[in-house]
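# A structural walkthrough
Residue-level listing of the chains:
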Amino acid sequence: MSYFRISPVWRRWSILLASAGLLALLAGQAHAARFEQVPHASTSGWQEKRQQMLGHDQRIILIDAGHGGIDGGTSHGDILEKDITLAISRRLFLLLRSDGFDAILNRTGDYAPSEENRWLRSSSRHLRDLAQRKELAEMLPANVVVSIHINWAPSPSKHGPLVPYRQEGRSFLLARSIQDQLNQIYDIHAAPRPGKPFYLLNKITATTVIVEAGFISSPADRSKLCTPHGQEEIAEAIASGIAAYLMEV
């Protein structure tokens, strides 16, 4: 891999690192207060205890906020998927970081990853976008990838979350864990499904799932997807599912 191939990625990566620090500061005193009464994290004993308590060992969680920029995703009137996925992803990032997990958010604003792709010679902006998301996952390298999306159906009666997964054991376990948590807030009993047609599930080698957080075409789902309270509820369910999976494996 040449310098000129990866430099656009690292330019965006430096922005993400700076943004990660800023967003982490916004997580709120309520979460940070959990660790104020404990020994300083520089001691090896406390580090081990903290990792055991949180169920992780420096595993990187990449949160992929679906769509962005020119790619608005699906829509309902002037409601765009890209805006909802970013709002939920930001909340998910803050929740995971405040609980001590090594989370990375792949976009912090309204832009498409394809804008930074100068190495893939393809006329398809969509393919360049997906390839750039996959490239970041491999370069980190990410252990867990959770891609946030919103569903749509011709019928407004179709509703609820769905978690497609990469067809291998760990991805299924992660999908099942997240699906179980989302089912509780939507009061349904859906099961995760293998996501064979999806580019990211086929190309990324890490444990990967796509979270379809609800149907933008459903009035009931929109009440969650488009409100700060509902977005926080969805983010908390996804975070709980990720944490439960990491403690299980």
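These numbers come from a predicted model, not from an experiment.

## What to know about the overall build of the protein chain
Scanning the protein chain from N- to C-terminus turns up nine helices and eight strands. The 249 residues of the protein chain split such that 53% are buried. Considering only intrachain contacts with a sequence separation of at least 6, the fraction spanning at least 24 residues in the protein chain is 76%.

## Focus on the environment of F172
Secondary-structure assignment places F172 in helix α6 (residues 169–186). The exposure class assigned to F172 is partly exposed, which follows from its relative accessible area of 30%. Taking C-alpha positions, F172 is 7.9 Å from P194, a pair spaced 22 residues apart along the chain.

## Concerning the nonpolar core
In terms of nonpolar packing, the biggest core is built from 41 residues, with I88, V146, I178, I238 and I242 touching the most fellow members. Elements with a contribution of two residues or more to this core: β1 (60–65), α4 (81–98), β4 (102–105), β5 (144–151), α6, β8 (207–215) and α9 (228–248). Per-element accounting of this core gives the leading share, nine residues, to α9. Contacts of I88, omitting those with residues within four sequence positions, involve I148, I150, A213, L225, Q231, I234, A235 and I238. By size, the runner-up hydrophobic cluster in this structure holds ten residues, among which are L62, A137, A142 and A206.

## Focus: the packing of aromatic side chains
All chains considered together, the criterion is met by one aromatic pair. With a centroid separation of 5.4 Å and 70° between ring planes, the pair formed by Y165 and F172 is classed as edge-to-face. By relative accessible area, Y165 is classed as buried at 13%. The ring of Y186 carries the charged tip of K224 above its face, separated from the ring centre by 5.6 Å.

## Here we look at α4
Helix length check: α4, at 18 residues, gives a terminal C-alpha distance of 26 Å against a target of 26 Å (1.5 Å per residue), a fit within 8%. Of all 18 residues making up α4, 14 are buried, and the element is well covered by its neighbours. Two residues or fewer past α4, G100 is found with a positive phi of approximately 90°.

## With respect to the side chain of S217
Mapped onto the secondary structure, S217 falls in the loop between β8 and α8 (219–225). Within the structure, the side chain of S217 is placed 2.9 Å from the backbone nitrogen of A153, a separation counted as a polar contact. The residues touching S217, leaving out its near neighbours within four places in the chain, are N151, W152, A153, S155, P156 and R222.

## Some remarks on the pattern of salt bridges
Scanning all chains against the criterion turns up five salt bridges. A salt bridge links K82 to D110, with the nearest nitrogen and oxygen atoms 3.0 Å apart. Residue K82 is found in helix α4, and its partner D110 is found in the loop between β4 and α5 (125–139); the two are separated by 28 residues along the sequence. Residue classification places K82 among the buried positions, given a relative accessible area of 9%.

## What to know about the confidence of the model for the protein chain
Within the protein chain, residue pLDDT values average 78, and 68% of them lie at 70 or more. Long-range and interchain partners of residues 1–15, a stretch whose pLDDT sits below 50, account for 16 contacts in this model, where long-range means more than four residues apart.

## Observations regarding unusual backbone geometry
The phi angle of most residues is negative, glycine excepted, and most peptide bonds adopt the trans form. Residue P141 is bonded to the preceding L140 through a cis peptide linkage, with omega at -10°. Here P141 is to be found in the loop between α5 and β5. Notably, H67 is not glycine yet its phi reads approximately 65°, a positive angle. Looking at the secondary structure, you find H67 in the loop between β1 and β2 (75–76). For D187, which is not glycine, the phi dihedral falls at a positive 55°.

## Section: the pairing of β5
A large share of β5 lies buried, amounting to eight of its eight residues. Here β5 shows two buried faces, one formed by V144, V146, I148 and I150 and the other by V145, S147, H149 and N151.

## Points about the packing of α4 against α9
The interhelical angle for the contact between α4 and α9, taken along N-to-C directions, is 50°, at an axis separation of 8 Å. By the angle class used here, α4 and α9 are oblique. Relative to α9, α4 is oriented so that their crossing is right-handed. Note on element contacts: α9 touches α4 through P228, Q231, E232, I234, A235, E236, I238, A239 and I242, opposite A87, I88, R91, L92, L95 and L96. Considered class by class, the residues forming the contact of α4 with α9 number eleven nonpolar, one polar and three charged.

Rules used throughout
- Residues numbered from 1 in each chain as written.
- Predicted model: local features only at pLDDT ≥ 70, side-chain atom pairs only at ≥ 80, totals over all residues.
- Heavy atoms only, no water.
- Helix = DSSP H or I, 4+ residues; strand = E, 2+ residues; numbered from the N terminus.
- Buried < 20%, exposed > 50% of the residue type's maximum accessible area, 1.4 Å probe, protein only.
- Contact = heavy atoms within 4.5 Å.
- Core = buried A, V, L, I, M, F, W, Y, C linked by side-chain atoms within 4.5 Å.
- Phe/Tyr/Trp six-rings, centres within 6.5 Å; stacked < 30°, edge-to-face > 60°.
- Lys NZ or Arg CZ within 6 Å of the ring centre and 35° of its normal.
- Expected span 1.5 Å × (residues − 1).
- Polar contact = N/O pair within 3.5 Å; in protein donor to acceptor, adjacent residues only side chain to side chain.
- Salt bridge = Lys/Arg side-chain N within 4 Å of Asp/Glu carboxyl O.
- pLDDT = per-residue confidence, 0-100.
- Axes fitted to C-alpha atoms, helices over the stretch in contact; angles between N-to-C directions.
- Parallel < 35°, antiparallel > 145°, perpendicular 65-115°, else oblique.
- Left-handed = near helix turned anticlockwise from the far one by under 90°.
- Nonpolar A, V, L, I, M, F, W, Y, C, P; charged D, E, K, R; others polar.

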